[in-house]
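Structural features, examined
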Amino acid sequence: MAASSFAEARSGIVAVGRWLDGKGWAPATSGNYSVRLDDGSFAVTVSGRHKGRLTEDDVMRVDVSGASLDGKKPSAETALHLALYRDFPDVGAVLHSHSSNAVGLTRAFPDLTGWTLQGHEMLKALPGNTTHETRVILPIVDNSQDMAVIDAKMSSLLVKPGSAPAYLIRAHGLYGWGKDLAEAERVIEAVEWMIAAELAEIGFRNGSAA
Ligand SMILES: CSCCC(=O)C(=O)COP(=O)(O)O
Ligand SMILES: [Zn+2]
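Named according to an unreviewed UniProt entry, the protein is Methylthioribulose-1-phosphate dehydratase originating from Sphingomonas alpina. Here the protein is described in UniProt, under the heading Pathway (unreviewed entry), as follows: "Amino-acid biosynthesis; L-methionine biosynthesis via salvage pathway; L-methionine from S-methyl-5-thio-alpha-D-ribose 1-phosphate: step 2/6." Under Catalytic activity (unreviewed entry), UniProt gives the following word-for-word description of the protein: "5-(methylsulfanyl)-D-ribulose 1-phosphate = 5-methylsulfanyl-2,3-dioxopentyl phosphate + H2O".

In structure tokens form, the structure reads like this:
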């Protein structure tokens, strides 16, 4: 199991926020990020902060139940991060992006409960994939303000064979994870890129792109 010191997690999370904001995937305070710490607690972003302008004080610690360990208010979506650490003991970092592509895709296909990514060379960026001749399923769950509702839906989808280390929340955004921050960044970047490529492909097929 990968785990970091709080100091390392803080600086890594600040940097990740700048990077995701630079991509346009963290607008208007959206998104949240976490890292599993070596003492069994978790570093997570403070709720409501602009993720492109985080300082180290905007990264706090929670225990395994989500209780604040330093008096700050954790992300409203902390329970979704903790659910992933609970279900996948090897996960060391979880990132949540809010791209217009992820939102647009899930709103355009309101009945879909999953999106299959198949045949992309970019699939090799996902842990364990060595060829484009494969497919992964990106589960899609409906949004809710009750994190337990999202957790209950996504936990059952993610244990299915072929699930990506990522899932979409409809009209909301993307969650992705990895053994550490670097791997979680690669998952988010690869999945966001494949979604963008497939939306472009849909546009070409419909004759709506030049
Ligand atoms: C304007 S973003 C709405 C809340 C959200 O979806 C999000 O990712 C950020 O919430 P947090 O409490 O982590 O700041
Ligand atoms: Zn969100």
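Read on for the rest.
Another point: the UniProt feature "binding site: Zn(2+)" (unreviewed entry) in the protein. Feature annotation in UniProt places "binding site: Zn(2+)" (unreviewed entry) on His96 and His98, given in this structure's numbering. Examined against the element boundaries, His96 turns out to sit in strand S4 (residues 93–97). The contacts of His96, once residues within four sequence positions are left out, are Gly31, Asn32, Tyr33, Glu77, His172, Gly173, Leu174 and Tyr175. Polar contacts involving the side chain of His96 include one to the side chain of His98, which spans 2.9 Å. Following the sequence through the fold, His98 ends up in the loop between S4 and helix H3 (100–108). Not counting chain neighbours up to four residues away, the residues in contact with His98 comprise Gly24, Trp25, Pro27, Ser30, Gly31, His172 and Gly173.

With that settled, the discussion passes to the site of ligand 1. Taken together, 14 residues lie near ligand 1, and Ser47, Gly48, Ser75, Ala76 and Glu77 sit nearest. In the environment of ligand 1, an oxygen atom lies 2.9 Å from a nitrogen or oxygen atom belonging to the backbone of Ala76. A distance of 3.1 Å is found between an oxygen atom of ligand 1 and a side-chain nitrogen or oxygen belonging to His98. Surface burial for ligand 1 is 74%, taken as the share of its 400 Å² of free accessible area covered by protein chains.

Here the focus is the coordination of the zinc ion (ligand 2). Summarising the metal site, the zinc ion (ligand 2) is bound by the protein donors Glu77 (OE), His96 (NE2), His98 (NE2) and His172 (NE2), whose distances to it range over 2.1 to 2.6 Å. The site at the zinc ion (ligand 2) holds six donor atoms, and with the angles between them running 69 to 174 degrees, its shape is irregular.

Ile13, Tyr33, Val35, Leu126, Leu138, Leu168 and Val191 are the most contacted members of the largest nonpolar core, which totals 36 residues. Residue assignment for this core shows that the elements contributing at least two residues are helix H1 (6–22), strand S1 (32–36), S4, H3, strand S5 (114–118), strand S6 (135–141), strand S7 (166–169) and helix H5 (181–205). It is H5 that contributes the most residues to this core, eight residues altogether. Excluding residues within four positions of it along the chain, Val35 makes contact with Ser4, Ala9, Ile13, Ser41, Phe42, Ala43, Tyr85, Gly92, Ala93 and Leu181.

Residues annotated by UniProt as "domain: Class II aldolase/adducin N-terminal" (unreviewed entry) correspond here to residues 11–199. Across residues 11–199, the secondary structure splits into 33% helix and 21% strand, with the terminal C-alpha atoms separated by 34 Å.

Turning our attention to the environment of Trp177. Structurally, the position occupied by Trp177 is in strand S8 (residues 173–178). Remark: the alpha-carbon pair of Trp177 and Tyr85, spanning 92 residues in sequence, is separated by 9.5 Å. Leave out the neighbours within four places in its chain, and Trp177 touches Leu84, Phe88, Val91, Ala93, Val94, Leu158, Ala164, Pro165, Ala166, Tyr167, Ala184 and Val187.

So, on to unusual backbone geometry. One non-glycine residue, Thr29, lies in positive phi territory at about 75 degrees. Inspection of the secondary structure assignment puts Thr29 in the loop between H1 and S1. Of note, the phi angle at Ala171 is positive, near 60 degrees, even though the residue is not glycine. You can see Ala171 is positioned in the loop between S7 and S8. For Ala171, a relative accessible area of 38% gives the class partly exposed.

Rules used throughout
Residues numbered from 1 in each chain as written. Chains lettered and ligands numbered in written order. Predicted model: local features only at pLDDT ≥ 70, side-chain atom pairs only at ≥ 80, totals over all residues. Heavy atoms only, no water. UniProt positions renumbered as here; feature names shortened; annotations may be inferred. Helix = DSSP H or I, 4+ residues; strand = E, 2+ residues; numbered from the N terminus. Contact = heavy atoms within 4.5 Å. Polar contact = N/O pair within 3.5 Å; in protein donor to acceptor, adjacent residues only side chain to side chain. Near = heavy atom within 4 Å. Areas by Shrake-Rupley, 256 points an atom, 1.4 Å probe, with all protein chains shown as cover. Donors = N, O, S within 2.8 Å, 3.2 Å for Na, K, Ca; no water. Tetrahedral: all angles 85-135°; square planar, octahedral: opposite > 155°, others 65-115°. Core = buried A, V, L, I, M, F, W, Y, C linked by side-chain atoms within 4.5 Å. Buried < 20%, exposed > 50% of the residue type's maximum accessible area, 1.4 Å probe, protein only.

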